[in-house]
Amino acid sequence: MTSVLFDAPGPRAKARNIVYSALFVVVAALVVWWLVVKLDDKNQLDWIKWKPFFTDSQAWTTYLLPGLGQTLLAAAISMVIALPLGAVFGIARLSDHVWVRVPSATVVEFFRSIPVLIMMIVAYAVYAQYTSVSTDDRPLYAVVTGLVLYNASVLAEIVRAGILSLPKGQTEAAQAIGLRKGQTMRSILLPQSVTAMLPAIVSQLVVIVKDTAIGGSILGFSELINAVRPLSAAYGANTIACFTIVGVIYIIVNFTLTSLATWLEKRLRAGKKSTGAVLSAATLDTGGTGTGVQPVKADA
């Protein structure tokens, strides 16, 4: 039995796939068992190393929650600035005017090619030498600046690709009814491309959340991962336990963000399936009075 995309597996192929799946499960179980044994040999699974996260609220209020707050703060500021900035540069790259399109493309390609760590370091040096930003706030400013410059350039490409993915008939239809290019972009192209761009945009937002850790390791920004060192020192060198808990927190945050975006995408797609036309009761009125549709009487 075949389909459009592939040949359906026969009996021998199904049996082979079952064997491969069983082998994979066995190998994965052996790897997990090996890790557990090694961690246990190093006393990393002792309850005393994991106890602070379940019985001592100070581990959360003093270390983890403040670090999580700084991570979310830097990510939120970067998102709020990078999203509209990326949209502006993405649309500018589609301009008919060379003096708009070429500089926009240059800026996007330049910042997209530089590692975000370098931009954070340069931003930190600029803030230290040419501004009056305090030493305490400087790491946050540098992290946000690096994240905005890099992710805005990436989001610009996402916006440009999303708009170009639409059928040309959309633009031609708008031109046929006399809409200008700005009106076409604002009223027709951008609203329709949002759904197509949403998964890529969310993926980039997840990258923003994770990249805040770069500032913690290099610039001393007090984000979530940077809280592991003092936390581990305060509770007996439980580094693996600390990193495990921090990893779980990152998974929860990013999964929540992805789930919210998936829900929003489904709502947008469901809204596009409807014409938006609503028939009132008066429209369907079949009585002899009112403004409804009147029944048609056939001659006997």
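Residues numbered from 1 in each chain as written. Predicted model: local features only at pLDDT ≥ 70, side-chain atom pairs only at ≥ 80, totals over all residues. Heavy atoms only, no water.

Caption draft 1: Broad picture of the overall build of the protein. When its secondary structure is counted, the protein shows eleven helices and zero strands. Secondary structure elements of the protein occur, N-terminal to C-terminal, as α-α-α-α-α-α-α-α-α-α-α. The buried share of the protein, taken over its 300 residues, is 32%. Element-wise, carbon and sulfur atoms account for 67% of the exposed surface of the protein, whose accessible area totals about 18900 Å². (Helix = DSSP H or I, 4+ residues; strand = E, 2+ residues; numbered from the N terminus. Buried < 20%, exposed > 50% of the residue type's maximum accessible area, 1.4 Å probe, protein only. Areas by Shrake-Rupley, 256 points an atom, 1.4 Å probe, with all protein chains shown as cover.)

Caption draft 2: Expanded view of the layout of surface pockets. If you add up the space inside the largest pocket, you get close to 310 Å³. Around the largest pocket, the lining comprises 13 residues; the ones closest to its centre are I163, L164, T171, K181 and L189. Within the residue set of the lining of the largest pocket, elements represented by two or more residues are α7 (138-164), α8 (168-176) and α9 (181-218). Among the elements that make up the lining of the largest pocket, the one with the highest residue count is α9 (four residues). (1 Å grid on protein atoms, 1.4 Å probe; cavity = no way out; pocket = protein on both sides within 12 Å on 5 of 7 lines; lining within 4 Å. Points joined across faces, edges and corners; volume = space filled by probe spheres on them.)

Caption draft 3: Highlighting the packing of helix α4 (residues 58-92) against α9. Running from N to C, α4 and α9 point in directions that differ by 145 degrees, and their axes come no closer than 10 Å. In the crossing of α4 with α9, the sense of the turn from one axis to the other is right-handed. On α9, the residues that touch T71, A74, A75, S78, M79, L83 and I91 of α4 are M185, L190, I201, L205, I208, V209 and T212. Among the residues making up the contact of α4 with α9, the classes are represented as eleven nonpolar, three polar and no charged. (Axes fitted to C-alpha atoms, helices over the stretch in contact; angles between N-to-C directions. Left-handed = near helix turned anticlockwise from the far one by under 90°. Contact = heavy atoms within 4.5 Å. Nonpolar A, V, L, I, M, F, W, Y, C, P; charged D, E, K, R; others polar.)

Caption draft 4: View of the packing of aromatic side chains. Scanning all chains against the criterion turns up three aromatic pairs. Taking 5.9 Å as the distance between ring centres and 25 degrees as the angle between the ring planes, the aromatic pair formed by W47 and F54 counts as stacked. Take W47 and F54: they sit in the same class, and that class is exposed. Each ring, one from F110 and one from F111, has its centre 5.1 Å from the other, and the planes form 80 degrees; the classification is edge-to-face. Taking relative accessible area as the criterion, F111 reaches 22% and is therefore assigned partly exposed. Residue placement shows R138 over the ring face of Y124; its charged tip is 5.8 Å from the ring centre. (Phe/Tyr/Trp six-rings, centres within 6.5 Å; stacked < 30°, edge-to-face > 60°. Lys NZ or Arg CZ within 6 Å of the ring centre and 35° of its normal.)

Caption draft 5: How the structure looks around the confidence of the model for the protein. For the protein, the average pLDDT comes to 82, and 88% of its residues sit at 70 or higher. Mean pLDDT across the elements of the protein ranges from a minimum in α8, with 76, to a maximum in helix α6 (residues 116-130), with 93. Note on residues 274-281: pLDDT under 50 across the span, and one contact to partners over four residues away in sequence or across chains. Overall, residues 283-300 carries pLDDT values under 50, and its contacts beyond four positions in sequence, including any with other chains, amount to 15 contacts. (pLDDT = per-residue confidence, 0-100.)

Caption draft 6: Examining a nonpolar patch on the surface more closely. A cluster of nonpolar side chains, namely V27, V31, W33, W34 and L35, defines an oily patch on the protein surface of about 540 Å² accessible area. Inspection of the secondary structure assignment puts V31 in helix α1 (residues 11-41). (Patch = residues over 30% accessible without salt bridge, like charges linked within 9 Å, V, L, I, M, F, W, Y side chains within 5 Å. Salt bridge = Lys/Arg side-chain N within 4 Å of Asp/Glu carboxyl O.)

Caption draft 7: Layout of the environment of G216. Its place among the elements puts G216 in helix α9. On the accessibility criterion, G216 (5% relative accessible area) is buried. Counting along the chain gives 73 residues from G216 to V143, while the straight-line C-alpha distance between them is 8.8 Å. Setting aside residues no more than four positions away along its own chain, G216 makes contact with F221, E223 and N226.

Caption draft 8: Geometry of the side chain of S95. If you trace the backbone, S95 turns up in the loop between α4 and α5 (98-113). A residue is classified by how much of its surface remains accessible, and S95, at 14% relative accessible area, is buried. In this view, S95 contacts V100, R101 and K181; residues no more than four positions away in its chain are not counted.

Caption draft 9: Highlighting the environment of Y127. Counting through the fold element by element, Y127 comes out in helix α6. Sequence separation between Y127 and P139 is twelve residues; the distance between their C-alpha atoms is 9.3 Å. The residues contacting Y127, other than those within four sequence positions of it, are V133, R138, Y141, A142 and T145. At 2.7 Å, the side chain of Y127 forms a polar contact with the side chain of T145. (Polar contact = N/O pair within 3.5 Å; in protein donor to acceptor, adjacent residues only side chain to side chain.)

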